[in-house]
Amino acid sequence: MTKKKMNNASALIAKAGICMLLAAAVVSCNNQGTSPASTSSAGDSTQATVEKIVYVNADTLLEKYEYFKDIRVKLEDKAKKAQADLQSRSNAFQREVADYQQKAPTMSAADRQSTEERLARKQDELARHNQNASASFAQEEASENEKLYSRITDYLKKHAKENGYKLVLTYSASNPAVLYADESLEITNEVLTALNAEYTKEKK
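Presented here is a report on the structure given in the accompanying data block. Position labels on residues start from 1 in each chain and follow its written sequence. Totals for whole chains, interfaces and linings use all residues, but because this is a predicted model, local features are given only for residues with pLDDT of at least 70 and pairs of side-chain atoms are given and counted only at 80 or more. As a rule here, side-chain values cover all heavy atoms of the structure and leave hydrogens and water aside.

## Some remarks on the pairing of strand β1 (residues 53-57)
Next up, step 1: When a residue's accessible area, from a 1.4 Å probe over protein chains only, is under 20% of the maximum for its type it is buried; when over 50% it is exposed; and in between it is partly exposed. The helix and strand labels rest on DSSP assignments: H or I over at least four residues marks a helix, E over at least two residues marks a strand, and numbering proceeds from the N terminus. Most of β1 is tucked away, with 4 of its 5 residues classed as buried.
Next up, step 2: Relative to strand β2 (residues 167-171), β1 is paired through 5 bridges, and the arrangement is parallel. Residue pairing in the sheet places Ile53 in a bridge with Leu167 of β2. The criterion for strand pairing is that DSSP finds at least two bridges linking the strands in question.

## Here we look at the packing of helix α5 (residues 66-103) against helix α7 (residues 188-203)
Next up, step 1: Where α5 contacts α7, the two axes come as close as 8 Å, and the packing angle between them is 60°. Taken together, the axes of α5 and α7 lie oblique to each other. Residues Glu66, Tyr67 and Asp70 of α5 form the contact with α7, whose participating residues are Asn196, Tyr199 and Lys203. What counts as an axis is a line fitted to C-alpha atoms, over the stretch in contact for a helix, and the angles between N-to-C directions run from 0 to 180 degrees. Angle categories are assigned with fixed cut-offs, so that under 35 degrees is roughly parallel, over 145 is roughly antiparallel, 65 to 115 is roughly perpendicular, and the rest are oblique. By definition, residues are in contact when any of their heavy atoms lie within 4.5 Å.

## Digging into the environment of Ser172
Next up, step 1: Mapped onto the secondary structure, Ser172 falls in the loop between β2 and α7.
Next up, step 2: Of the residues examined, Ser172 reaches a relative accessible area of 0% and is grouped as buried.
Next up, step 3: Within the structure, Ser172 has its side chain in polar contact with the side chain of Asp59 (distance 2.9 Å).
Next up, step 4: Of the polar contacts made by the side chain of Ser172, one reaches the side chain of Ser174; its length is 2.9 Å. Residues adjacent in sequence count toward polar contacts only when both atoms are side-chain atoms; beyond that, a polar contact is any pair of N or O atoms within 3.5 Å, and within protein one must be able to donate a hydrogen and the other to accept it.

## Observations regarding the packing of helix α6 (residues 109-163) against α7
Helix-helix packing is described using two parameters, namely the angle between the two axes and the distance between the axes.
Next up, step 1: It is the contact of α6 with α7, at a shortest axis distance of 11 Å, that shows an interaxial angle of 120°. On the basis of their axis angle, the class for α6 and α7 is oblique. Of the two elements, α6 crosses α7, and the hand of that crossing is right-handed. Counted together, Arg151, Ile152, Tyr155, Leu156, Lys158 and His159 of α6 and Glu190, Val191, Ala194, Leu195, Glu198, Tyr199 and Glu202 of α7 form the full contact between these two elements.
Next up, step 2: Considering only residue class, the contact of α6 with α7 consists of 7 nonpolar, 1 polar and 5 charged. Here a crossing is called left-handed whenever its near helix is offset anticlockwise from the far helix by less than a right angle, and right-handed whenever the offset is clockwise. Residue polarity follows a fixed list, in which Ala, Val, Leu, Ile, Met, Phe, Trp, Tyr, Cys and Pro are nonpolar, Asp, Glu, Lys and Arg are charged, and the others, Gly among them, are polar.

## A word on the nonpolar core
Next up, step 1: The nonpolar core is taken to be a set of buried Ala, Val, Leu, Ile, Met, Phe, Trp, Tyr and Cys residues, with the residues joined through side-chain atoms within 4.5 Å. Formed by 24 residues in total, the largest nonpolar core has its most connected members in Tyr65 and Val191.
Next up, step 2: Within the residue set of this core, elements represented by two or more residues are β1, α4 (58-64), α5, α6 and α7.
Next up, step 3: Among the nonpolar cores identified, the runner-up in size contains 8 residues, and Phe93, Val97, Met107 and Leu126 belong to it.

## A look at the environment of Ser174
Next up, step 1: In this fold, Ser174 is placed in the loop between β2 and α7.
Next up, step 2: Each C-alpha atom of the pair Ser174 and Asp59 lies 8.4 Å from the other, and the pair is 115 residues apart in sequence.

Right, dumping it as structure tokens:
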């Protein structure tokens with residue numbers, strides 16, 4: 001696990017979370033909450049349909065969603081511990097190499113060969129440990145992102161059905177799939193309030 005990857009734990013999960021949210025579109029077949037205007041002229045009907053498309057600001061959601069904040073802290077802590085462990089193992093190996101280099105001139109050919117083989121095995125073990133740690137971190141990160149995605153989309157499906165929304169989009173400044181959206185269509189705050197309330201109950 002490289003130091004750069006470990007130190008970017010928060011950025012990675014934030015990016016992944018935003019991408020997953022941008023892929024989420026909630027379509028509801030519920031006709032409740034339909035505006036009376038939908039039964040009038042064709043123009044009014046079209047307008048009523050448009051009003052059923054709303055959006056959530058993914059940047060705001062991830063910034064203020066307490067569940068995501070806890071995930072970010074958890075992954076950052078794990079990344080720091082893994083990096084410290086890797087650094088400790090690497091330093092110990094480097095000390096062994098330095099010790100061998102100092103003693104090599106006075107060692108027999110057989111001892112030098114034996115020591116070099118041992119150090120080569122340790123180097124391979126260190127590389128495998130690094131790879132395993134990276135894989136473990138990536139797997140946990142993916143699992144946490146999947147949980148985050150499920151929590152948000154499960155709530156949005158329910159929220160869309162209750163309010164008669166046909167489509168729920170997401171907007172992010174870093175990945176503006178939606179180039180423009182009227183602020184009157186944004187439901188970020190109400191979604192955020194509900195999600196945080198649910199999470200607060202779970203933590204009690």
